[in-house]
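Listed below, chain by chain, are the residues.
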Amino acid sequence: MTSEIVTDLAPSGALRAAINLNNPVLAQGTAAEPSGVTVDLAREIAARLDVPAELTCFGAARDCFEAVTTGRAGICFLGIEPAREAEVAFTAPYVLIEGVYAVPDRSPLTTVDDVDSPGVRIGVKHGSAYDLFLTRTLRHATVVRGAEGTLEFLTQNLEAAAGVREPVTEFVATHPGFRLIKGRFMQIRQAVGTAKTKRPQTTRFLHDLVEELKASGFVADSLRRSGQSAAVAPPA
């Protein structure tokens, strides 16, 4: 630990962390009282820097991305995607979550590959990791962006909705007439990020600390306490 690392991440004297409350695997609770693995990680990073943690909660990953790239936050917790790596330096992932599709029961789509077909419209949350991934990889299907992928799916009578497995599973369970497509279309590698303008030793500090917290069981314990079944990422 050096004073330069502290200054890089906490120039105001506190570590400002951007928390995405819209991903229930990573954060739960309210803006006033957030909890979950990203909250625990933010507080542990702040403790290692010997500064207080200031948690700023957002409702979308794109807002967390903007906060860290504009200097409003020192760190964020986002899925690793090429579109973000131009401006954000990521650690190796600390947890792996899955992107899945929901479709109407009557849909002829039965596999992940079936969804990437001409005429298929997929509802996604604008700026999410799976929005970026599908925009980059789909060859035939069309992405329809909105505040929530499942909302666009319902209101626009789309052929499919994309999202993180846990909330999409809950959506299907509470909306008769819809089903999950078996398997995943992507594995989302959730990592700690900071602006790419930071010193190399700062990004190395974050990388090494994440590896330590994975190896020690810190990440697994945090996920378990928050009721999540997502897998801890393997060592980098």
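The structure we're discussing is the one just above.
Just so we're clear, the structure is a prediction, and the values are computed from it rather than from any experiment. (Residues numbered from 1 in each chain as written. Predicted model: local features only at pLDDT ≥ 70, side-chain atom pairs only at ≥ 80, totals over all residues. Heavy atoms only, no water.)

A. The arrangement of the environment of Ser35 in detail. If you trace the backbone, Ser35 turns up in strand β3 (residues 34-35). Sequence spacing of Ser35 and Ser222 is 187 residues, and the spatial spacing of their C-alpha atoms is 9.6 Å. Among residues more than four places away in sequence, those in contact with Ser35 are Leu26, Ala27, Gln28 and Gly29. (Helix = DSSP H or I, 4+ residues; strand = E, 2+ residues; numbered from the N terminus. Contact = heavy atoms within 4.5 Å.)

B. Main features of the packing of aromatic side chains. A full pass over the atoms with the stated rule returns six aromatic pairs. Arranged with centres 6.4 Å apart and planes meeting at 90°, the rings of Phe77 and Tyr94 form a pair that is edge-to-face. Taken as a pair, Phe77 in strand β5 (residues 75-79) and Tyr94 in the loop between β6 (88-90) and β7 (95-104) lie far apart in primary sequence, 17 residues in all. Across the pair, Tyr94 and Phe77 agree in class, each one buried. On the basis of an interplanar angle of 45° and a centroid distance of 5.8 Å, the ring pair of Phe171 and Phe178 is categorised as tilted. Here the aromatic residues Tyr101, Phe133 and Phe185 are joined through ring pairs into a cluster of three or more. (Phe/Tyr/Trp six-rings, centres within 6.5 Å; stacked < 30°, edge-to-face > 60°. Buried < 20%, exposed > 50% of the residue type's maximum accessible area, 1.4 Å probe, protein only.)

C. Inspection of the pattern of salt bridges at higher detail. The final tally for this structure, using the stated rule, is 14 salt bridges. Put simply, Lys214 and Glu211 hold a salt bridge, and the shortest N to O gap is 2.8 Å. Residue Lys214 and its partner Glu211 are both found in helix α9 (residues 200-215); the two are separated by three residues, about one turn of the helix. Of the two residues, Lys214 and Glu211, neither departs from the other in class, the shared state being buried. When salt bridges that share partners are traced, they join Glu44, Arg48 and Glu212 into one network. (Salt bridge = Lys/Arg side-chain N within 4 Å of Asp/Glu carboxyl O.)

D. Geometry of helix α2 (residues 37-49). Look at α2: 18 Å from first C-alpha to last across 13 residues, which is about the 18 Å you get at 1.5 Å a residue. Looking only at α2, the buried set comprises Val37, Thr38, Val39, Leu41, Ala42, Ile45, Ala46 and Leu49. (Expected span 1.5 Å × (residues − 1).)

E. Local environment of the environment of Asp221. Its place among the elements puts Asp221 in helix α10 (residues 218-225). The class for Asp221 is partly exposed, based on a relative accessible area of 32%. Remark: the alpha-carbon pair of Asp221 and Ala67, spanning 154 residues in sequence, is separated by 28 Å.

F. Structural view of the packing of α2 against α9. Where α2 meets α9, the axes come as close as 12 Å, and the angle between the chain directions of the two elements is 120°. Considering the angle they form, α2 stands oblique to α9. Viewed along their axes, α2 and α9 form a crossing whose handedness is right-handed. Here Leu41, Glu44, Ile45, Arg48 and Leu49 of α2 lie close against α9, whose contacting residues are Phe205, Leu206, Leu209, Glu212 and Leu213. (Axes fitted to C-alpha atoms, helices over the stretch in contact; angles between N-to-C directions. Parallel < 35°, antiparallel > 145°, perpendicular 65-115°, else oblique. Left-handed = near helix turned anticlockwise from the far one by under 90°.)

G. Focus on the packing of α2 against α10. Following both chains from N to C, one finds α2 and α10 inclined at 140°, their axes separated by 9 Å at the closest point. Taken together, the axes of α2 and α10 lie oblique to each other. Between α2 and α10 lies a crossing of right-handed hand. Residue-level contacts link Val37, Asp40, Leu41 and Glu44 of α2 to Phe218, Val219, Ser222, Leu223 and Arg225 of α10. A breakdown of the residues in the contact of α2 with α10 according to their chemical character gives five nonpolar, one polar and three charged. (Nonpolar A, V, L, I, M, F, W, Y, C, P; charged D, E, K, R; others polar.)

That's the geometry; what it means functionally is another story.
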